[in-house]
Amino acid sequence: MTVQELPGAAAYRPTPPPAWKPLTDPAPLLPDPEPYRVLGTDAVADADPELLLRLYAELVRGRRYNAQATALTKQGRLAVYPSSTGQEACEIAAALVLEERDWLFPSYRDTLAAVARGLDPVEALTLLRGDRHTGYDPRTHRIAPLCTPLATQLPHAVGLAHAARLKGDDVVALAMVGDGGTSEGDFHEALNFAAVWKAPVVFLVQNNGFAISVPLAKQTAAPSLAHKAVGYGMPGRLVDGNDAAAVHQVLSEAVARARSGGGPTLVEAVTYRMDAHTNADDATRYRGDSEVDAWRDHDPVQLMERELTGRGLLDDEGVEEARAAAERMAAALRERMNADPVLDPMDLFTHVYAEQTAQLREQAARLRQELAAENDQHGTEDGGTAR
């Protein structure tokens, strides 16, 4: 039986009724055809010199932080480190556009963004060292825990931002995710909820070319990841992710829009992961040196340094000052990370629930017994002196 043969088929219309119309005009939501840039363009004349110098100092520090953290993995002081070398402009801009009352929702690769927002560099690495679930109090710093599962932080960001708006709090949430995370269901659910609720959220997608070893072309056939925004009814912005000034400007506009009640924005920052996915990855198996070398010519630190020196805002002394400050940070990080942490195994149960479940109480009691038995055994072996 066809549709035309069904009862009431005369009233069936295969097309929408005349009253149908789009909920949103799609044209203003579409991203620019090319990534927006500031450095090396006429737009740089409007940029605040003090902001550019601050961005540069943070970029230099961020590059050194990535190098030091990578070295710590080779020394056995970190279990793993997902480097953001090459992506520092995205990380720094994301941290600097937020007010103190706002929230940052990072992914596992965004330790640098957390540090640039003011988090202790050692606390940012505590999770990656395997010491604790997270090394800091999210409420104190307004930084959600570094998120290892892909994209699960995005719905959390939407929920917090929506709740803040319902309470009348002037808060914006900025959620960071990689291009691989856009293939997860959490990404789509978060964007849909955020747009429907007009939640004050900014989604920053760092498109670094690969989801581990999977290139972007094998993840999506969309013109760009920013184009995905129009399907949810929010603006999509495309920006050069290695241009710190451009990323800062685009994110600033998106944050201001969210704070004023305009709703969410999806920003795609086109960048590149210079290092391997993590220290456990062999990137040479899926990309060539020529590709990496081409991106070295578009290095975010060098782009900013060339702009500032060319405009007479930065001299050799200023370059050395920025590098010296970065070295001091790295030295302090090395010293503190080389000290063995003092850990209490019972802390495993401390920050799981406000009130422990019966199962957790049972597990905690079992661990307490095992620790006591171990101490008794050591005491016997040491001649009866318990430790």
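Since the structure is predicted, the reported quantities are computational estimates derived from the model, not experimental observations.

Peer 1: Can you walk me through the sheet that holds strand E2 (residues 173-178) in this structure?
Peer 2: The strands that make up a sheet are held in pairs by hydrogen bonds between backbone atoms, and each pair lies either parallel or antiparallel. On the basis of which strands lie adjacent, the open sheet formed by five strands has the order E1-E2-E3-E7-E6 and parallel pairing. Edge positions in the sheet fall to strand E1 (103-105) and strand E6 (236-240), since each of these pairs with one other strand and no more. Across the sheet, the mean angle separating the axes of adjacent strands is 20° when strand polarity is ignored. Taken together, the six bridges between E2 and strand E3 (residues 201-207) define a ladder with parallel strand orientation. Bridge pairing in E3 links Ala173 to Val201.

Peer 1: Looking at this model, I keep getting lost on the pairing of strand E7 (residues 265-270). Mind explaining?
Peer 2: Residues in a regular strand project their side chains so that they alternate between the two faces of the sheet. Counting buried positions along E7 gives five out of six residues, so the element sits mostly inside the fold. One ladder, built from five bridges, connects E6 with E7; its direction is parallel. Note on E7: the bridge partner recorded for Leu238 is Glu268. As a crossover connection, the stretch from E6 through helix H8 (residues 244-259) into E7 is right-handed.

Peer 1: Sorry, what's going on with the packing of aromatic side chains here?
Peer 2: A ring pair, where both rings are aromatic, is described by two values, the distance of the centres and the angle of the planes. Scanning all chains against the criterion turns up five aromatic pairs. With a centroid separation of 6.5 Å and 75° between ring planes, the pair formed by Tyr65 and Tyr81 is classed as edge-to-face. With a gap of 16 residues between them, Tyr65 in helix H1 (residues 49-74) and Tyr81 in the loop between H1 and helix H2 (88-96) connect regions that are remote in the sequence. Across the pair, exposure class does not vary: Tyr65 and Tyr81 are buried alike. Taking the centre distance of 4.8 Å and the plane angle of 35° together, the rings of Phe193 and Trp197 count as tilted. Of this pair, Phe193 and Trp197 both sit in helix H7 (residues 185-197), four residues apart, which is roughly one turn of the helix.

Calculation rules
- Starting afresh in each chain, residues are numbered from 1 along the sequence in its written order.
- Predicted model: local features are reported for residues with pLDDT of at least 70 only, side-chain atom pairs are reported and counted for 80 or more only, and whole-chain, interface and lining totals are derived from all residues.
- Each side-chain value is derived from all of the structure's non-hydrogen atoms; neither hydrogens nor water enter the calculation.
- When DSSP locates at least two bridges between a pair of strands, those strands are taken to pair.
- Secondary structure elements follow DSSP: runs of H or I of four or more residues count as helices, runs of E of two or more count as strands, with numbering from the N terminus.
- Axis definition: a line fitted to C-alpha atoms, limited for helices to the stretch in contact. Angles are taken between N-to-C directions and run from 0 to 180 degrees.
- Only protein chains enter the area calculation, which uses a 1.4 Å probe; residues under 20% of their type maximum are buried, those over 50% are exposed, and those in between are partly exposed.
- Here is how to tell: hold the view so the strands point away, follow the path from the first strand over the helix to the second, and if it runs clockwise the crossover is right-handed.
- Each Phe, Tyr or Trp ring, with Trp reduced to its six-membered ring, pairs with another whose centre is within 6.5 Å; inter-plane angles below 30 degrees give stacked pairs, above 60 give edge-to-face pairs, and intermediate values give tilted ones.

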